[in-house]
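Each chain, written out:
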Amino acid sequence: MAPANSTDLMTTTIAGGSGLTNGDKIAISAVCGTVLIGVIGAIIATLTYREIRRRNKRDNQRGLDEDRRRLEEDRRRLEEDQRPPQPEDVPLLTEGTPDQEQIQAVASKAEEAVKKVYTNTGSYVQILPWVDDHQRHITDIYTKLCLVQQVEMSGMIQTKERTMQSYEEMFHFETRNKNPIKRIVVSGSAGMGKTTLIDKIAYDWAMGNSETLNKFKLVFALKMGSLLQSSNLEDAIFEKLISKDSVDKSALKEFIDKNQDKVLILLDGFDECKITTTDTSSFGSILKVLNRKLVPECWVVITSRPPIDKLVNSSLVEKPYTHLRIKGFSDTDIKEYVKQFFLGDHDKARRLIEQIQLSDTLTDLAKSPMLLLLMCLLMGSTENTLPVTMTRLYNKTLNFVFKRQTTDIKDDAISKILISIGEVALGSLLSKDQSFAFREGDFEKTALDAALNAGILTSERVIDGLETYQRVSFIHQTFLEYCAAMYWQSLKHKWRKTKFDKILKIVLSLTGSTPLTFPSHLLSRYEYLFRFCCGDNKACTNCILQNIQQGRDSRLVIICYFESQSKELPPKSVISSILTDDIDISDWNNDSTNAFFHFLNQVAGNDHFSKVKKLFATSFNFQRFGTDLVESIKPMTNLQSLSLQSSSLTAANTNQILSSMATPSTLTELDLSGNEALGGSVSLLAPQLMKLKRLKRLHLLGCLLVAKDVSPIAKSMGDTPVDLDVSLNRALGGCASNWGPELGKMECLQDIHLRDCSLQGTDIEHIAVALSGVSTLVSLDLSNNHALGGSAPLGALKKMNHLKELTLAGCNLTGDDIEPIAESVSELPNLTHLVLSNNEALGRHESSWDLHLKKMKHLKELSLVGCYLTGDDMGPIAESVSDMPNLNHLNLRANGALGGCATLWAQHLKKMNHLRELSLAGCNLEDVDMEPIAESVSDMPNLIHLDLSLNYSLIDCASSSAQHLKLMTKHLKKLILYGLTDEEKEYINTSCDLNPTILDFKSPPWLKRIGRLGSFPTF
């Protein structure tokens, strides 16, 4: 029977006197209790309201609004208390152990609750806090991702990048064992769209837009800026996403524990979370989820600004994990955005796009959707162009932002606000942890309110246990740096100069080095701070430049001087630091190059120009800065070396540069490599090349030269011995009959490099015949002409009897080629150096080595690097070398098959007892190889130099292999052991009782040369 309503109960009481049943009494008691609660609630509400009125007389409007909110919340709770219980209000579980059906019901209710949050609040994203009407749908604004894979190869890390077509791909990466990778790190600078990505994932899941995401029953998106390292996952979920009374916490926790693979946790802004220690005992469950101590099979996506070393480590995210980097807007995205913004003004859109494209700094900033919008707003307000310096750009931007909110605010007032909040910003930049999340109390209140009102600062309510506070942040890192610099700049007054200098010393000390040695990559961390501080301020600029120029970071010096826009000359010490003997602006971006020529224009007429002897400008933008380069070269009257590699030069451009030289006869080195437009037009260069009377080195690698280009090169040669490098011009292959004879006209040719020119066997005869008459020829390099192996008439090489060095590395030589090479070399009395490296088919040809190697009796150096030699090859090689009395240097580096079997071949080493230098670097030598090698080496009385570098199997074997070093160094003067750990070096130094001058743990010269070429050997 349905329970009686209140009217029925009252009627029954009047009619029936005291004849009530127990059920009736309980019902009446419940009603009375409800009424009593209502009366008490009303009294409490009245008292609360009076208390609020009393407070309102004292508090400002913000406090009043907050109290009204609290009153409304109290009133709502009272109404809920007085409302009769409804079925949906009853918790799904109240006590006892939940069964599977109840757990699934809780999960479904939680799913419904979080989906409602994501679809109601995640549909639109407001780009900027001060542009109320600029909102875009979340599906329109998320940006592409670039996958960064880090692969360890031979002890080094190489980075591979691949642009992803969809964020969904992040959920499909696997380990080598085909297990899914469930920890995903997304990094990106502020404003790049990390938060938007998290919101997009949550939104797509809630809307059912993604099949990949449909596998997740629950998705929890949390902002880490409002969390601490002790925060717990369940507490954060119920605080941010789900009403505490709607779902039972213990049941939800049990669902997560038992269905980990169906749960996705999205954590946004790790860099904003207050992590004070890596002690895992202080971690709450959120960080324990990250480091897999809890629910290891849950999927976790976490975003952070770079660097990510505080996130990716042994305490938190360990391998395996996937690392994604948000690139922001692409060049195409930038163009489309600007065109859409200036839909009715195509001319203004075109000008802004052009200005962004001309500046690498603006291009980089425009990748951020937020900063690109700022540029559009600034361009669209009163200006038709953006300012020329970063300082002026941010100055105008901030003035625009403040005056958009408060039209009558003065520039001085804005400056005071920025200086005030900048003091807090600078303190954060200089702090150890560089935390960029602040509390309201960190700022002066008036400045805080003004900055929040303008939107330069944002404020977010954070609940930390029982404490509630507002977390304040700058809208972008660069705004923080600008404000910090404005405060620092404000200290440059007589009465505060000491504090300015103290801060400068602190910034320099944070690089981890002394001012004389700090590396540029560390200074670049504070580049914007330096640039903004120098902006339109001569005093700050001179002070900063005189300090950072000591570290020889010329690019930063140049860009800071440009920011100052000073009309006065920089200090002489600064000029001297830029106009040195060697100037290198290789790979400088457009902004730095523009600043460089601005500097040169300012100091024009200075006698420092005559000091310059070498100018390197690889990847130079001649189309934009060609005129500046030509004018700058004119006063460099002692210029000896000019490098303009890969600068898209034409013959006309090159002539323009060479003709600008006041004294072309001083130039001894010219490198025009990588300028492909020179191919087929070298004849246009010949008149200018002929003026270079002292030219000793001409490099034209990879210029797409053709046969007709060789003749004008030959005609331009003077009386000075020349090193000519025309490598990587593959159109020269197969047609040496046309251009080979021209080589014979180069009477002063000393070295010629024809590496990787696609030469054929038929070309060798023409080249050899032509060069046979060049008495000055010393070196011929035919490396990486792969068609020369097995079929080329290599016997023709004997015609070049003046030759001293011959390189046939990487030519696909086989064992059958050893005989003709040996025959030719035996008839070249002056040949002392032969390089046969990286011909893999030369290994396992012991009979060829035995019969023919000994014929090359004139050789002093023989290189067989990376020839896949085996232990079987070592016997005949050693036997032959024993009959080569002049050979003093044998290079066997990177023959990995020699490792682990020295007992089979090491005894042959002693036969080569006249050797002075031997390299077994990178041969995969193991601990068991050390004893037989030591015994043989000790019987080689002339051996003074042994290289055992980069034998990685010897790592961690110092305690056993060190005992053989004493015997090994019986005659040695240098033993190179590069590649050992610091602990092993220390052990060897302390236990072997060796002369410290013998042991060399530094990187060997050959490795440095390989590094400069951009490739490393695979051992």
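Residues numbered from 1 in each chain as written. Predicted model: local features only at pLDDT ≥ 70, side-chain atom pairs only at ≥ 80, totals over all residues. Heavy atoms only, no water.

## Some remarks on the overall build of the chain
No. 1: The secondary structure content of the chain amounts to 39 helices and 28 strands.
No. 2: Within the chain, buried positions represent 50% of all 1019 residues.
No. 3: When contacts within the chain are restricted to residue pairs at least 6 apart in sequence, those whose partners lie at least 24 apart make up 77%.
No. 4: Carbon and sulfur atoms provide 50% of the accessible area of the chain, an area that totals close to 47700 Å². (Helix = DSSP H or I, 4+ residues; strand = E, 2+ residues; numbered from the N terminus. Buried < 20%, exposed > 50% of the residue type's maximum accessible area, 1.4 Å probe, protein only. Contact = heavy atoms within 4.5 Å. Areas by Shrake-Rupley, 256 points an atom, 1.4 Å probe, with all protein chains shown as cover.)

## Regarding helix 7 (residues 233-240)
No. 1: For helix 7, every residue scored as buried is listed here: Leu233, Glu234, Ala236, Ile237 and Phe238.
No. 2: Next to the buried residues of helix 7 lie strand 6 (218-223), helix 8 (249-258), strand 7 (263-268) and helix 9 (285-290).

## A look at a negative patch on the surface
No. 1: Together, Asp581, Asp582, Asp584 and Asp587 give the surface a local cluster of negative charge.
No. 2: Its place among the elements puts Asp584 in strand 13 (residues 582-584).
No. 3: Take Asp584: its relative accessible area is 45%, and that puts it in the partly exposed class. (Patch = residues over 30% accessible without salt bridge, like charges linked within 9 Å, V, L, I, M, F, W, Y side chains within 5 Å. Salt bridge = Lys/Arg side-chain N within 4 Å of Asp/Glu carboxyl O. Lys, Arg positive; Asp, Glu negative; His and termini not counted. Charge placed at Lys NZ, Arg CZ, Asp CG, Glu CD.)

## Points about the nonpolar core
No. 1: Within the largest apolar cluster, 228 residues are counted, with the highest numbers of intra-cluster contacts made by Trp488, Phe530, Trp905 and Met968.
No. 2: A total of 10 residues in this core trace back to one element, the largest contributor, which is helix 13 (residues 369-381).
No. 3: Ranked by size, the runner-up nonpolar core spans 67 residues in total, among them Ile103, Phe270, Val289 and Trp299. (Core = buried A, V, L, I, M, F, W, Y, C linked by side-chain atoms within 4.5 Å.)

## Observations concerning the packing of helix 20 (residues 527-534) against helix 22 (residues 554-564)
No. 1: Between helix 20 and helix 22, the shortest axis-to-axis distance is 7 Å and the interhelical angle comes to 35°. At the point where helix 20 passes helix 22, the crossing takes the right-handed sense. Contact with helix 20, carried on its side by Glu527, Phe530, Arg531 and Cys534, involves Arg555, Leu556, Ile559, Cys560, Glu563 and Ser564 of helix 22 and no other residues of that element.
No. 2: Along the lines of polarity and charge, the residues of the contact of helix 20 with helix 22 split into five nonpolar, one polar and four charged. (Axes fitted to C-alpha atoms, helices over the stretch in contact; angles between N-to-C directions. Left-handed = near helix turned anticlockwise from the far one by under 90°. Nonpolar A, V, L, I, M, F, W, Y, C, P; charged D, E, K, R; others polar.)

## Digging into the pattern of salt bridges
No. 1: Enumeration over the complete set of coordinates arrives at 34 salt bridges.
No. 2: Residue Glu742 is joined to Lys745 by a salt bridge in which the shortest nitrogen-to-oxygen separation is 3.2 Å.
No. 3: On the accessibility criterion, Glu742 (13% relative accessible area) is buried.
No. 4: Assessed through its relative accessible area of 53%, Lys745 is described here as exposed.

## Considerations on unusual backbone geometry
No. 1: Going from Lys319 to Pro320, the amide bond is cis rather than trans, its omega being 0°.
No. 2: Inspection of the secondary structure assignment puts Pro320 in the loop between strand 8 (299-304) and strand 9 (322-326).
No. 3: Positive phi, close to 70°, is recorded for Lys178, a residue that is not glycine.
No. 4: With respect to the secondary-structure elements, Lys178 resides in the loop between strand 4 (156-164) and strand 5 (183-187).
No. 5: With a phi close to 60°, Asn812 is a non-glycine residue in the positive phi region.

## A closer look at the packing of aromatic side chains
No. 1: Applying the stated criterion across every chain, the model contains 21 aromatic pairs.
No. 2: Ring geometry for Tyr118 versus Trp205: centroids 6.1 Å apart, planes at 65°, classification edge-to-face. Taken together, the positions of Tyr118 in helix 4 (residues 100-121) and Trp205 in helix 6 (residues 194-207) put the pair 87 residues apart, joining distant regions of the chain. Across the pair, exposure class does not vary: Tyr118 and Trp205 are buried alike.
No. 3: Geometrically, the ring pair formed by Trp488 and Phe500 is stacked, given 5.1 Å between the ring centres and 25° between the ring planes. A residue pair is termed long-range when its members are at least 10 positions apart, and Trp488 in helix 17 (residues 477-490) and Phe500 in helix 18 (residues 497-509) qualify at 12 residues. (Phe/Tyr/Trp six-rings, centres within 6.5 Å; stacked < 30°, edge-to-face > 60°.)

## Some points on the pairing of strand 5
No. 1: Judged by how many residues are buried, strand 5 sits mostly within the fold: five of five residues are covered.
No. 2: Residues Arg183, Val185 and Ser187 line one face of strand 5 and the alternating positions Ile184 and Val186 line the opposite face, and both faces are buried.
No. 3: Direction of pairing for strand 5 relative to strand 8: parallel, over a ladder of five bridges. Bridge pairing links Val185 to Ile302 in strand 8.
No. 4: Across four bridges, strand 5 lies against strand 9 in parallel orientation. (Pairing = 2+ DSSP bridges.)

## What about the pairing of strand 7?
No. 1: Of all the six residues making up strand 7, six are buried; the element is thus mostly covered by neighbouring parts of the structure.
No. 2: Neither face of strand 7 is left uncovered, since the one carrying Val263, Ile265 and Leu267 and the one carrying Leu264, Leu266 and Asp268 both have all their residues buried.
No. 3: Relative to strand 7, strand 6 runs parallel, the two being bridged by six bridges. Within the sheet, the bridge partner assigned to Lys223 lies in strand 7 and is Asp268.
No. 4: In this sheet, strand 8 lies alongside strand 7 in parallel orientation, the contact comprising four bridges. Directly across from Leu267, in strand 8, lies its bridge partner Ile302.
No. 5: Where the polypeptide runs from strand 7 across helix 9 and back to strand 8, its parallel neighbour, the crossover connection is right-handed. (Right-handed = clockwise from strand over helix to strand, strands pointing away.)

## Regarding the side chain of Arg471
No. 1: With respect to the secondary-structure elements, Arg471 resides in strand 12 (residues 467-474).
No. 2: A polar atom in the side chain of Arg471 sits 3.1 Å from the side chain of Ser473. (Polar contact = N/O pair within 3.5 Å; in protein donor to acceptor, adjacent residues only side chain to side chain.)

## What to know about the environment of Lys985
No. 1: For Lys985, the location among the structural elements is in helix 38 (residues 982-991).
No. 2: Judged by its relative accessible area of 21%, Lys985 falls in the partly exposed class.
No. 3: A sequence separation of 27 residues divides Lys985 from Ala958, and the C-alpha atoms of the two residues are 8.2 Å apart.
No. 4: Once residues lying within four places of it in the same chain are set aside, the contact partners of Lys985 are Leu980 and Phe1001.

## Considerations on the confidence of the model for the chain
Regions with low pLDDT should not have their predicted coordinates read in detail.
No. 1: Per-residue pLDDT for the chain has a mean of 82; in total, 82% of the residues score no lower than 70.
No. 2: This stretch, residues 77-96, has a pLDDT under 50; its non-local contacts, to residues over four places away or in other chains, come to 15 contacts.
No. 3: Note on residues 1011-1019: pLDDT is under 50 here. Beyond four places in sequence and across chains, it has 15 contacts. (pLDDT = per-residue confidence, 0-100.)

## Some remarks on the environment of Val557
No. 1: Mapped onto the elements, Val557 comes out in helix 22.
No. 2: Val557 gets classed as buried once you look at its relative accessible area, which sits at 1%.
No. 3: Residues Val557 and Phe596, spaced 39 residues apart in sequence, show a C-alpha to C-alpha distance of 9.4 Å.
No. 4: The contact partners of Val557, leaving out residues within four places of it in the chain, are Leu545, Ile548, Gln549, Val574 and Ile578.

## What about helix 30 (residues 761-771)?
No. 1: Residues Gly761, Asp763, Ile764, Ile767, Ala768, Ala770 and Leu771 constitute the buried set of helix 30. Buried residues of helix 30 fall within an arc of 165° about the axis and therefore sit on the same side.
No. 2: Of the surrounding secondary structure, the elements contacted by the buried residues of helix 30 are helix 29 (736-743), strand 19 (749-753) and strand 20 (779-781). (Arc of directions from axis to C-beta.)

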